[in-house]
Amino acid sequence: MKLSKSTLLSSSFVLLAAGCSVESFDIINTEESKTWAPIKSEVTKDPVIEAKVSELLSTMTLEQKVAQMIQPEIRDITPEDMRKYGFGSYLNGGGAFPKNNKHSTPQDWIELAETMYQASIDDSLDGSAIPTMWGTDAVHGHNNVIGATLFPHNIGLGAANNVELMTKIAQATATEVMVTGIDWVFAPTVATVRDDRWGRAYEGYSEDPEIVKLYASAVVKGLQGSADDDFLGDDRVISTVKHFVGDGGTQDGDDQGDNQASEQDLYKLHAQGYVSGLAAGAQSVMASFNSWNGEKIHGSHYLLTEVLKEKMGFDGFVVGDWNGHGQVKGCTNESCPQSINAGLDIFMVPTDAWKPLYENTLVQVRRGEIAESRIDDAVSRILRVKLRAGLFDKPSPANRQFSGKTELIGSEKHREIARQAVRESLVLLKNEAGILPLSPKMNILVAGDAANNIGKQSGGWTITWQGTNNENSDFPGGSSIYDGLRAQVNAAGGHIELNVEGKFTKEPDVAVVVFGEEPYAEGQGDRENLAYQASHKSDLALLKRLKAQGIPVVSVFISGRPMWMNAEFNASDAFVAAWLPGSEGKAVADVLLTDVNNQVQHDFMGKLSFSWPNSPVQTVNRFDKDNKPLLPYGFGLKYGEKSTLANNLSEGFTFSHNNQQDTQIFAGKVMKPWEMLLISEEQTLNIQSNSSSLPGIAYRTIDKNVQEDAFQIQLDGSTTAGIRFSAINAISADLSIVSKEMSALVLTVKRNSDVTAPVSISMACDGSELNSESCIARVDVSQALANLPNGEWAKLSIDVSCFANQGLKFDKLVKPFELMSKSKLTLSMSDVYFEAKAGESANIQCN
């Protein structure tokens, strides 16, 4: 009998779950065992298109060609810039929106797409009528747009093990993207994740290339269509397989770090998504931030040109990642001939670096640092894809088939696909005494801070880049996990009560506790180890409180990776890995609850596509020689199967405690328990996107070392304004250790203007919001700021005794940092934290 690929995959899951040896299971077809074998793409070169490419190229000036290779971001260009330069493409980064408005409507997106398109084909200034294209990170649905269907993140889809479902998800995503007039999607991510500490682990389908390879082609075809059917038709978008190559295999799971695999392993483990994705006709590849054995891939001629374009035969274009070229040795964001010479075809260049990059590239071609033939090759590839996508012939974005059909955004058809994905992604890890499924007629307590939190269950890349600062109202049409439980319990005549802290008015028959990781994206999610809540076991305390009252506990864990949580397993009667299910949380109830007749509605179908660690420092993957995880790749219980996880798992592990982690306020992102606000006179604004403003102040994220790890504020001097970090819900924090350890408040800042008026930094403790001046302390830092070099990153530190001497109580801190001024001032910051034993050496002393 000949087995299909999907049957083969299912069989391997079954073998593993049964404990059978699969060492001889060949995950790579013997025909493809040769490293970097040529790809037979379903999309072949069309002589008509090739002639058109040559014709267009022969008419273009060098300026027009280089403009095709520049991809700026919507926050950094205007339609006039597009009209003047004729950029080949542009993007919206995660958390960037038309009009800088998080709640931009689909019509706002369409209007921007139409405006930029019309500017690009207006040849009055640049002499070019080549249409531009808009690229977006639609990585689990059209996730930047309010109201879109959000599918489970890839880690959950890997557990679902359903290739056909992947095609449906991708096609639904393409449709919703097309509604907003966008042409191009930066998906799928085909990373094979080898270290779960990586902050992008949830963007990978699996630790093993088998699933990645099967899924890549399915997603590409769902987004682009099939070569023999509706390839890049009116309901399809250009896809991007990313990030080439090895991003999931860096040392210690370090985002943008170094992959030290051999070339054979780089191909066998990390390139299989490209083997199938390119064969399916993917038209673009995104270069990866990471290095391979010390060389940044954005500067690797061997990988981008000799391997990808020559050996594998890829004829589409290679786009960079967010200023990734600037990390190449000898390069900056504003200048990088090395990347073009290596084989990069499009610079992704957010921030205002795009203009000097454009100008420097022109100079470098004229000097001969970049051969014009390399420019011609890059532009030919861009034009080839645009012609294949029909961009020269399709109507403008506002007039395309789906444009403006907002009923397709978050449509019921798409949400049902997402609900199917949620149901199939759930993995049952423990089910003591068959406690699951639950009857909807029971008295059910629902607890945990993720139970009624659509933002938390959706994870990163959800409206905002990090997936933070979202509320349930930001997900019209979406549902929380509690929503689904409540609807079914109420319909069946049962009783349900929601209380995050696990309190109740009527003693429950069972508690469903939904908890897990806070949202994160990319390097912000990197971890030193896999211990869940290593230093603050608040969720474990909740589970134990319920168990102590004799209440059976069903844990539903929200996460972007497997984690070491033996104590939480021990405190749970049942344990479900729900991953990051997206906007359709109500589908979880379809699996946890029976129908009114006590019949199973949907059994568990999910199987682990990542091994579950046996310790917080274990890195374990399928086929490892010493493969001894807590739960193996392929594990997942069904109803009626005996639970195998013990109730007395070892909980002991010694951690080295990092005090600085407890005293960070901002470290590339806002640290818990703080929130970040703009202040202008009596107005405050909770920052929920990567650009915000109030009278007198404008805020936006910027890059220091990696993407959006810093921010800039511009004060225009018209009113007193500034920025504040304060405790969420004004719940005070005990930072008495800060004063006991003679610490300093340290800022990493860059001053981009003169200081013309006093600039104060203040802290406040509980009671200050009631005008208790005795609990507010201020320090004027204007002179210290003025002494810093202009335009350079530097440290500014203040001895905390400056605040303590004014009566500040560090054990009741509600506002650890506020900077206010009426000065006209431009200031950038990347870190705000307390450093122990640094008070005596601080820039500002008060003793």
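Residues numbered from 1 in each chain as written. Predicted model: local features only at pLDDT ≥ 70, side-chain atom pairs only at ≥ 80, totals over all residues. Heavy atoms only, no water.

1. Side note on helix H10 (residues 272-279)
Next up, step 1: Most of H10 is tucked away: seven of the eight residues are buried.
Next up, step 2: Here H10 has its buried residues at Gln 272, Gly 273, Tyr 274, Val 275, Ser 276, Gly 277 and Leu 278.
Next up, step 3: Once H10 ends, the next one or two residues include Gly 281, with phi positive near 105°. (Buried < 20%, exposed > 50% of the residue type's maximum accessible area, 1.4 Å probe, protein only. Helix = DSSP H or I, 4+ residues; strand = E, 2+ residues; numbered from the N terminus.)

2. Focus on the pairing of strand S24 (residues 721-727)
Next up, step 1: Of all seven residues making up S24, seven are buried, and the element is well covered by its neighbours.
Next up, step 2: Residues Ala 721, Ile 723, Phe 725 and Ala 727 line one face of S24 and the alternating positions Gly 722, Arg 724 and Ser 726 line the opposite face, and both faces are buried.
Next up, step 3: The pairing of strand S19 (residues 674-680) with S24 spans seven bridges and is classified as antiparallel. When the sheet's bridge partners are listed, Leu 678 is paired in S24 with Ile 723. (Pairing = 2+ DSSP bridges.)

3. A short note on the nonpolar core
Proteins that are soluble and globular tend to have nonpolar side chains buried together.
Next up, step 1: Ile 70, Phe 244, Tyr 274, Leu 278, Leu 303 and Met 312 are the most contacted members of the largest nonpolar core, which totals 130 residues.
Next up, step 2: In this view, Leu 303 contacts Trp 36, Phe 244, Val 245, Leu 266, Trp 292, Ile 297 and Leu 308; residues no more than four positions away in its chain are not counted.
Next up, step 3: Ile 444, Val 514, Phe 569 and Ala 578 belong to the second largest nonpolar core, which has 77 residues in total. (Core = buried A, V, L, I, M, F, W, Y, C linked by side-chain atoms within 4.5 Å. Contact = heavy atoms within 4.5 Å.)

4. Remarks on the pattern of salt bridges
When the charged atoms of two side chains lie near each other, side chains of opposite charge can form a pair.
Next up, step 1: If you walk through the whole model with that rule in mind, you get 47 salt bridges.
Next up, step 2: A salt bridge links Arg 75 to Glu 73; the nearest nitrogen and oxygen atoms lie 3.1 Å apart. Each member of the pair, Arg 75 together with Glu 73, is buried.
Next up, step 3: Two residues, Glu 412 and Arg 419, come together in a salt bridge whose shortest N-O distance is 2.2 Å.
Next up, step 4: Members of the salt-bridge network, linked through shared partners, are Glu 412, Arg 415, Glu 416, Arg 419, Arg 423, Glu 584 and Asp 590. (Salt bridge = Lys/Arg side-chain N within 4 Å of Asp/Glu carboxyl O.)

5. Thoughts on empty space enclosed by the protein
Next up, step 1: Tallied over the full model, the rule gives nine cavities of 30 Å³ or more.
Next up, step 2: Empty space within the largest cavity amounts to approximately 190 Å³.
Next up, step 3: Along the walls of the largest cavity sit 21 residues, with Ala 138, Val 139, Asn 154, Tyr 205 and Val 219 positioned nearest its centre.
Next up, step 4: Contributing elements (two or more residues each) for the lining of the largest cavity: helix H6 (154-160), helix H7 (163-179) and helix H8 (209-224).
Next up, step 5: Per-element accounting of the lining of the largest cavity gives the leading share, four residues, to H7.
Next up, step 6: Here the lining of the largest cavity is built from residues that sort into 14 nonpolar, six polar and one charged. (1 Å grid on protein atoms, 1.4 Å probe; cavity = no way out; pocket = protein on both sides within 12 Å on 5 of 7 lines; lining within 4 Å. Points joined across faces, edges and corners; volume = space filled by probe spheres on them. Nonpolar A, V, L, I, M, F, W, Y, C, P; charged D, E, K, R; others polar.)

6. Here's the deal with the packing of aromatic side chains
Next up, step 1: Under the criterion given, the structure shown has 27 aromatic pairs.
Next up, step 2: Plain terms: the ring middles of Tyr 85 and Phe 87 are 5.7 Å apart, the flat faces sit at 15° to each other, and that makes the pair stacked.
Next up, step 3: Ring plane angle 80° and centroid distance 5.2 Å describe the contact between Tyr 85 and Trp 354, whose orientation is recorded as edge-to-face. One end of the pair, Tyr 85, is in helix H4 (residues 79-85); the other, Trp 354, is in helix H13 (residues 354-367), and 269 residues separate them in sequence. Pair check on accessibility: Tyr 85 and Trp 354 agree, each one buried.
Next up, step 4: Here the aromatic residues Phe 515, Tyr 532, Phe 557, Phe 569, Phe 575, Trp 579 and Trp 612 are joined through ring pairs into a cluster of three or more.
Next up, step 5: Its end group placed over the ring of Tyr 117, Arg 400 keeps NZ or CZ at 6.0 Å from the ring centre.
Next up, step 6: One residue, Lys 704, lies across the ring of Trp 793, its end atom 5.5 Å from the ring centre. (Phe/Tyr/Trp six-rings, centres within 6.5 Å; stacked < 30°, edge-to-face > 60°. Lys NZ or Arg CZ within 6 Å of the ring centre and 35° of its normal.)

7. Looking at the environment of Val 617
Next up, step 1: Mapping Val 617 onto the fold places it in the loop between helix H20 (587-592) and helix H21 (659-662).
Next up, step 2: A C-alpha to C-alpha distance of 6.4 Å links Val 617 and Leu 530, two positions 87 residues apart in sequence.
Next up, step 3: Apart from the residues lying within four places of it in its own chain, the contact partners of Val 617 are Asn 529 and Phe 653.

8. A closer look at the sheet that holds strand S7 (residues 284-287)
Next up, step 1: Overall, parallel pairing links the three strands, which are arranged S5-S7-S10 in an open sheet. Bordering the open sheet on either side are strand S5 (240-244) and strand S10 (317-319), each of which pairs with just one other strand. Ignoring strand direction, the axes of neighbouring strands in this sheet form an average angle of 30°.
Next up, step 2: Alignment of S7 against S10, held across three bridges, turns out to be parallel. Directly across from Val 285, in S10, lies its bridge partner Val 318.
Next up, step 3: Running over the sheet, helix H11 (residues 301-311) touches S5, S7 and S10 and is turned about 140° from S5. (Axes fitted to C-alpha atoms, helices over the stretch in contact; angles between N-to-C directions.)

9. Notes on the side chain of Ser 736
Next up, step 1: With respect to the helices and strands, Ser 736 occurs in helix H22 (residues 736-740).
Next up, step 2: In contact with Ser 736, not counting residues within four places along its chain, are Phe 810 and Asp 811.

10. Looking at the sheet that holds strand S6 (residues 258-259)
Next up, step 1: Pairing in this open sheet of three strands is mixed, and the strands run S6-S8-S9 from one edge to the other. Two strands in the sheet have a free side with no partner beyond their single neighbour: S6 and strand S9 (295-296).
Next up, step 2: Looking at chain direction, strand S8 (residues 291-292) and S9 are connected through two bridges and run antiparallel. Each residue of the ladder has a partner; that of Ser 291, found in S9, is Lys 296.

11. Points about H8
Next up, step 1: The end-to-end C-alpha distance of H8 is 22 Å, a good match for the 22 Å that 16 residues give at a rise of 1.5 Å each.
Next up, step 2: Structurally, the start of H8 carries an N-cap: the backbone nitrogen of Glu 210 is 2.9 Å from a side-chain oxygen of Asp 208.
Next up, step 3: At the C-terminal side of H8, Gly 225 shows a positive phi close to 85°. (Expected span 1.5 Å × (residues − 1). Polar contact = N/O pair within 3.5 Å; in protein donor to acceptor, adjacent residues only side chain to side chain.)

12. Concerning the confidence of the model for the protein
Next up, step 1: Counting all residues, the mean pLDDT for the protein is 93, and 94% of those residues have values of 70 or more.
Next up, step 2: Below a pLDDT of 50 lies the segment residues 1-10, which in the model reaches ten contacts outside its immediate sequence neighbourhood of four places, other chains included.
Next up, step 3: Here residues 14-32 is modelled with pLDDT under 50, and outside its nearest four sequence neighbours on either side it reaches 27 contacts, counting other chains as well. (pLDDT = per-residue confidence, 0-100.)

13. Concerning unusual backbone geometry
Next up, step 1: The step from Phe 244 to Val 245 runs through a cis peptide bond, and the omega angle for that step is -5°.
Next up, step 2: Here Val 245 lies in the loop between S5 and S6.

14. Focus on the state of the cysteines
Next up, step 1: Scanning the model with the defined rule gives three disulfides in all.
Next up, step 2: Disulfide partner of Cys 802: Cys 846, at an S-S distance of 1.9 Å. Taking the torsion about the sulfur-sulfur bond, which here is approximately 100°, the covalent link between Cys 802 and Cys 846 counts as right-handed. Of this pair, Cys 802 sits in helix H24 (residues 801-804) while Cys 846 sits in the segment after strand S30 (824-835), and the two are 44 residues apart along the sequence.
Next up, step 3: For Cys 802, a relative accessible area of 3% corresponds to the buried category.
Next up, step 4: With relative accessibility at 36%, the residue Cys 846 sits in the partly exposed group. (Disulfide = S-S within 2.5 Å.)

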